[in-house]
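Structural overview for review
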Amino acid sequence: MSEEHDPGAPGEYAERVLDTVDLIPAGRVMTYGDVAEWLDEGGPRQVGRVLSLYGSGVPWWRVVRADGALLPGHEFAALAEYLAEGTPLRRSGPAADGHVPRVDMRRARWDGRGAGGGADGEAGGGAGGG
């Protein structure tokens, strides 16, 4: 058995998650819970699992935790993308580990308007998730 893990081809749910992530405009974000709500299927953990297995080909940095904290272990790669895209960020306080900023969720969160698909044309603009 190889040390590399091959998850195989993504299933239908994974394809829908990846398609949704592709819809998120540059400079905007959705939470893991927003993506699940947009799809009206699964939950934040399932969305995170799909992105961990298959997300390298989509703008994975546009899906964040509800508190705007950057993905541990990928903070600097995500930060470079946020800066390039002009994603609104909040400065971290001196108590924050490494002083890495967070996404300003109030300004950066995308509700899905203007995109086709989704159960009702909107994602949860604050309904939780994450």
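No experiment lies behind these values; they were computed from the predicted model shown. (Residues numbered from 1 in each chain as written. Predicted model: local features only at pLDDT ≥ 70, side-chain atom pairs only at ≥ 80, totals over all residues. Heavy atoms only, no water.)

1. What to know about the overall build of the protein
Our working definition: Secondary structure follows DSSP: runs of H or I at least 4 residues long count as helices, runs of E at least 2 residues long count as strands, and numbering of each begins at the N terminus. Under the scheme applied here, a residue whose accessible area is under 20% of the maximum for its type counts as buried, over 50% as exposed, and between as partly exposed, the area being computed with a 1.4 Å probe on protein chains only. Should any heavy atoms of two residues lie within 4.5 Å, those residues are considered in contact. Surface exposure here means Shrake-Rupley accessible area, sampled with a 1.4 Å probe, where a residue is shielded only by the protein chains that are shown.
Of the regular secondary structure elements, the protein holds five helices and four strands. Relative to its 130 residues, the protein shows a buried fraction of 40%. Looking at the protein alone, contacts between residues at least 24 apart form 63% of all its contacts between residues at least 6 apart. About 7500 Å² of surface is accessible on the protein, with carbon and sulfur atoms providing 48% of the total.

2. A short note on unusual backbone geometry
Of note in the backbone geometry, Asp40 takes a positive phi value of approximately 60° without being a glycine. A residue is classified by how much of its surface remains accessible, and Asp40, at 62% relative accessible area, is exposed.

3. Observations regarding the nonpolar core
If you look at soluble globular proteins, the nonpolar side chains tend to sit buried side by side. Counted only if it meets this: Each nonpolar core is a collection of buried residues, namely Ala, Val, Leu, Ile, Met, Phe, Trp, Tyr and Cys, held together in the definition by side-chain atoms within 4.5 Å.
In terms of nonpolar packing, the biggest core is built from 20 residues, with Val17, Val35, Val47, Val50, Leu51 and Val63 touching the most fellow members. Sorting the residues of this core by element identifies α1 (12-23), α2 (32-39) and α3 (44-54) as the ones contributing at least two each. Those residues in contact with Val63 that lie beyond four places of it in its chain are Val21, Ile24, Met30, Thr31, Tyr32, Val35, Val47 and Leu51. In terms of nonpolar packing, the next biggest core, distinct from the first, is built from eleven residues, Val64, Leu79, Tyr82 and Val100 among them.

4. As for the pattern of salt bridges
The following threshold applies: Should a side-chain nitrogen of Lys or Arg be within 4 Å of a carboxyl oxygen of Asp or Glu, the pair is scored as a salt bridge.
Throughout the structure, instances matching the rule amount to eight salt bridges. Residue Arg62 pairs with Glu85 through a salt bridge whose shortest N-O separation is 2.6 Å. Pair noted here: Arg62 is in the loop between α3 and β2 (63-64) and Glu85 is in helix α4 (residues 75-85), with a separation of 23 residues, a long-range link. Residue Arg62 is classed as buried on the basis of its relative accessible area, which comes to 11%. Ionic pairing is found between Arg65 and Asp67, a salt bridge with its closest N-O pair at 2.6 Å. Residue class for Asp67 comes out partly exposed when judged on its relative accessible area of 32%.

5. With respect to α1
Inclusion rule: The length a helix should cover is 1.5 Å for every residue beyond the first. When we speak of the arc, we mean the arc of directions from the helix axis to the C-beta atoms.
Its twelve residues give α1 an end-to-end C-alpha distance of 17 Å, which sits within 8% of 16 Å, the value for a rise of 1.5 Å per residue. If you check which residues of α1 are buried, you get Tyr13, Ala14, Val17, Leu18, Thr20 and Val21. Looking straight down α1, one finds that the buried residues subtend no more than 160° of arc, so they occupy a single side.

6. What about the packing of aromatic side chains?
Inclusion rule: By convention, a stacked pair of Phe, Tyr or Trp rings (six-membered ring in the case of Trp) has centres within 6.5 Å and planes under 30 degrees apart, an edge-to-face pair has planes over 60 apart, and any other such pair is tilted.
Applying the stated criterion to the full structure yields two aromatic pairs. Ring plane angle 35° and centroid distance 6.3 Å describe the contact between Trp38 and Trp110, whose orientation is recorded as tilted. Pair noted here: Trp38 is in helix α2 and Trp110 is in the segment after α5 (105-108), with a separation of 72 residues, a long-range link. For the pair formed by Trp38 and Trp110, the shared burial category is buried. Here Trp60 and Trp61 contribute two aromatic rings whose centre-to-centre distance is 5.7 Å and whose plane-to-plane angle is 85°, an arrangement assigned as edge-to-face.

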